[in-house]
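# Coordinate inspection notes
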Amino acid sequence: MSTEEETRQLWRSCDVVCFDVDSTVCTDEAIDEFAKFLGHGEKVAELTKNAMTGIVSYRVALQQRLNLMRPTRDQLQEFIQVHPPSLTPGIKELISLLQSKKVAVYLVSGGFKEILQPLAHMLNVPNENVFANKLLFDEQGVYVGFDESEPTSESGGKPRVIEQLRERLSCATIVMVGDGATDLETFPNHAVSIMSTIIRAI
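All values derive from a computational prediction rather than experimental measurement.

### Some thoughts on the packing of aromatic side chains
Counted by the stated rule, this structure contains four aromatic pairs. In this structure an aromatic cluster arises from ring pairing among Phe-34, Phe-37 and Phe-79.

What follows is the structure, given as structure tokens:
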């Protein structure tokens, strides 16, 4: 366990900080809020809990939730309009401070790119610094699945993203900030800070 001073030093010396989004950068779980919007809130929330605590693999839980929700493209756009990001207090200031010190900030999330784009804009995080899942729709806007080539769509995906960043940026110290099982997968190869807005049994 790191001491407080070791943790402070880590934050001072890091080259890159990757933030999980749901229950970390934001106070809620976007997929749960989207499910409530679609009338499937309670069941999807239970499946989200299973995914975050590692009871089932992340991809299986993602498939289960989306098969239940089956959102249309229009419903997704309407949800984004009526449900702006609910930021965790102090997170915008923290990210701004990191950026002012030339620390690269990335959002690495099991959520959906379409929902994360307004958040990234709010935090001055470039779209190319967002790693998340992509919903797929047919020409009529009917849900047909999600892009399984995205590393964040499965367990073990976040460590893959961080390894890609390490190779691309040739950086020494990467901090991952998150709250769930998929974030802990990045430890011990990468420094992990747990910053959750809710308590999870991990």
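### Overview of helix 7 (residues 91-100)
Turning to helix 7, its buried residues number three or more, namely Ile-91, Ile-95 and Leu-98. Summarising the axial view, the buried residues of helix 7 lie within an arc of 60°, below the 170-degree limit, and thus occupy one face. Projecting away from the buried face of helix 7 at angles above 90 degrees are the exposed residues Glu-93 and Ser-100. Buried residues in helix 7 make contact with helix 1 (4-13), strand 1 (16-19), helix 2 (21-25) and strand 2 (104-112).

### Quick word on the pattern of salt bridges
Side chains that carry opposite charge are capable of pairing whenever their charged atoms lie near each other. Under the defined criterion, the tally for this structure stands at seven salt bridges. Note that Glu-5 and Arg-12 form a salt bridge whose closest N and O atoms lie 3.3 Å from each other. With a relative accessible area of 54%, Arg-12 lands in the exposed category. Glu-33 is the salt-bridge partner of Lys-36, the closest N and O atoms lying 3.3 Å from each other. Of this pair, Lys-36 and Glu-33 both sit in helix 3 (residues 30-38), three residues apart, roughly one helical turn. A single salt-bridge network, built from bridges that share partners, covers Arg-59, Glu-148, Glu-154 and Arg-160.

How each quantity is defined
Residues numbered from 1 in each chain as written. Predicted model: local features only at pLDDT ≥ 70, side-chain atom pairs only at ≥ 80, totals over all residues. Heavy atoms only, no water. Phe/Tyr/Trp six-rings, centres within 6.5 Å; stacked < 30°, edge-to-face > 60°. Buried < 20%, exposed > 50% of the residue type's maximum accessible area, 1.4 Å probe, protein only. Helix = DSSP H or I, 4+ residues; strand = E, 2+ residues; numbered from the N terminus. Arc of directions from axis to C-beta. Contact = heavy atoms within 4.5 Å. Salt bridge = Lys/Arg side-chain N within 4 Å of Asp/Glu carboxyl O.

Note that all results are geometric; they support no functional claim without further evidence.
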